[in-house]
Structure formats: structure tokens, C-alpha cells
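# Structural features, examined
Here's the letter readout for the chains.
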Amino acid sequence: MPASPHYDLHSHTTLSDGTLSPQDLVCRARAQGVDVLAVTDHDVTDGLAEATVTAAEVGLHLVPGVEISVTWSGVTFHIVGLNIDPAHAGLQAGLARLRAFRTERGEEIARRLEKHGIEGALAGAQAFASGPILSRTHFARFLVAAGHAQDMRKVFRKFLIHNRPGYVSGHWATLEEAVGWIVAAGGQAVIAHPARYRVSATRLRQFIEAFRDCGGVGIEVVSGSHSAGDVAGMAQYAKRYGLLASCGSDYHGPEQSWQELGRPMVLPAGCVPVWNDWPAPDVQQP
Ligand code: AMP
Ligand code: MN
Ligand code: MN
Ligand code: MN
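Keep in mind that this is a model prediction, so the values were computed, not measured.

## Quick word on the side chain of H138
Here H138 lies in helix α5 (residues 136-145). Reaching out from H138, the side chain makes a polar contact with the backbone oxygen of S16 at a distance of 3.2 Å. Leave out the neighbours within four places in its chain, and H138 touches S16, D17, A125, F128, A129 and I133.

## Points about the pairing of strand β5 (residues 188-191)
Of the two faces of β5, the one carrying Q188 and V190 and the one carrying A189 and I191 are both buried. The pairing of strand β4 (residues 75-82) with β5 spans four bridges and is classified as antiparallel. Of the residues in β5, the one forming a bridge with V80 is V190. As judged from the two bridges shared by β5 and strand β6 (residues 218-223), these two strands associate in the parallel manner.

## Considering the site of ligand 1
Contacts to ligand 1 come from D17, H42, R102, R105, S135, R136, T137, M152, F156 and H252. In this structure, R102 approaches ligand 1 through a side-chain N or O atom, which is 2.9 Å from an oxygen atom. When the free accessible area of ligand 1 is taken as 500 Å², the share hidden by the protein chains comes to 83%. Secondary-structure elements contributing two or more residues to the shell around ligand 1 are α3 (89-115), α5 and α6 (152-160). Here the residues of the shell around ligand 1 sort into two nonpolar, four polar and four charged.

About the criteria used
Residues numbered from 1 in each chain as written. Chains lettered and ligands numbered in written order. Predicted model: local features only at pLDDT ≥ 70, side-chain atom pairs only at ≥ 80, totals over all residues. Heavy atoms only, no water. Helix = DSSP H or I, 4+ residues; strand = E, 2+ residues; numbered from the N terminus. Polar contact = N/O pair within 3.5 Å; in protein donor to acceptor, adjacent residues only side chain to side chain. Contact = heavy atoms within 4.5 Å. Buried < 20%, exposed > 50% of the residue type's maximum accessible area, 1.4 Å probe, protein only. Pairing = 2+ DSSP bridges. Near = heavy atom within 4 Å. Areas by Shrake-Rupley, 256 points an atom, 1.4 Å probe, with all protein chains shown as cover. Nonpolar A, V, L, I, M, F, W, Y, C, P; charged D, E, K, R; others polar.

Next up, the structure:
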């Protein structure tokens, strides 16, 4: 085992809105020097079985995870669950409800885009989805491919965020539900990419307190979407609220070249890693 294993605790596969299969994601992570990888698809755990098999083959330690969509105070937040038991019935019932909402929301997104003059968005988005969830990412890929926007960043700004023609507000899990499902399934709940939410600092602190009050234990201090300043700020929050620190790329595939797997992710001094009390990872030298 390497002296200091390389952890990446947030990643996506084709079962949600990533572009690599679980097998390809795990192989790429291993090749890029990741020792411990959490696969955390949006509202689904169906990629974990394949990822676990491949991880054993390539000597990587796979952490079973999920990223749950939450509505809190009218805003969408994401909660990552780490080391969950994917067989837990309560967790699966909750995730099934969120996936059903995704299907209805997708139909409504398509209706709104049609009113805006864009036809065939539902079938178009579905063609980019190979797993059981429909994501705005799939609509985004369709819209870019159909020439309605230049790239993924622009397409969200033009169509898929608040006050844009294809935006439908979320009715996701409550914070209590999401943390409760993760804890019931034996996992640790972690706030995903905390610096990315478009809320005031006061609101974010209230959210962190509410999260901790219902059993959340960690916060992503290092994230693929965090600046150096964000990392420092979130490390302060981790200390202030007594939360464990996590790090994850939030990798979605090689097309998103700014978020690579295996990029060095070092937690600032003073952070207590979320893996502090985990058993030693099962890693073999490649
Ligand atoms: P959904 O959960 O279906 O509402 O989709 C959210 C997903 O869209 C996130 O997990 C990201 O992968 C992606 N996303 C959100 N905003 C952006 C953006 N501005 N640029 C690229 N991808 C985005
Ligand atoms: Mn995503
Ligand atoms: Mn997220
Ligand atoms: Mn994510």
C-alpha cells in the first residue's frame, strides 16, 4: 500500500450523468493513481456492483456511494453518502422516488423547451441517457449536439438554470430524508461541493447547521469545482462546525477536461479526513 493513499470520493458513471461505464471509470481512476474511489451517481446505486468487481481486478479500493438531490428552503443541494449499503430497502425506496420525479421533470423540461421552439428534447435527452435517471446533463448534451448552444457551460446558462426556458424547479428529498437514508444504510453523509451553491454565506451556514443537526458528519472541503479560496473557506467551516473533511473530483468523464481523476487533492492542515476511522484501504500496487 502506498504511504499516503490517494482518495477521490466523488465520481459519476453512465448510470447517472457520467460518460464512462463503471468499469471504464474504475480503470481510468487506477491508471491516474487513485487508490480509493467512491462512485457517487445521482440518485442511483446501480453502477456499484460492476465498479466493485473491476476495483478488485485492478487493486483499487471502491467506496460504495451515492449523491442524493435535496431541496432545502427552495434550493437544490447535493448530499453524498459514503460507504452505504446499496441493498438497504429504505435507501432504495427513497432513491426510486427521486428517479420518478426525474422522469416527470424531464417531460416538463421537454414541454417547456417545445414552447420555446425546440422539438424532440425528451427523446433527444433520453438518447444520451444510458442508465435509469434522466438529468439536465442529458438535456444539455442534446441541446449542444442539436446546435442550440456552443458548449456545456453555455447551454446551462442559456436554457437549464433558474429563470431560463427549460428550467423546472426541483422537488427532491428533504435534508432529513436524505441524511436519514444514508445513515440507515450505514453510511456517512457529506455535503457535496459546498462552495458551489448560489446562496448567501448566512444561508450556507444555516444549511450546514441543519445538516449537522439531522446527522450529517462531513463536508467536501476539496472538490473539482472549488477554487483555492473555496478550499480554505470550507476548511474553516469544517473546523467551526466539527465536520469531517472529504475530497472528490466530481468527475463526469473525459469531455470535462477541467475535472480530471487523480488530480492531487490535499486536505488543508487541521482538517480531519472523513476516512479517519475507516479500516485501512484494500489497495494493491498497480
Ligand atoms: P440535475 O440533477 O438533473 O438537475 O442535473 C444537475 C447536473 O447538471 C449536475 O450534477 C452537473 O453534472 C450538471 N451541471 C449543473 N450545472 C452545470 C453547469 N453550469 N455546467 C455543466 N454542468 C452542469
Ligand atoms: Mn452531475
Ligand atoms: Mn452535485
Ligand atoms: Mn456529483
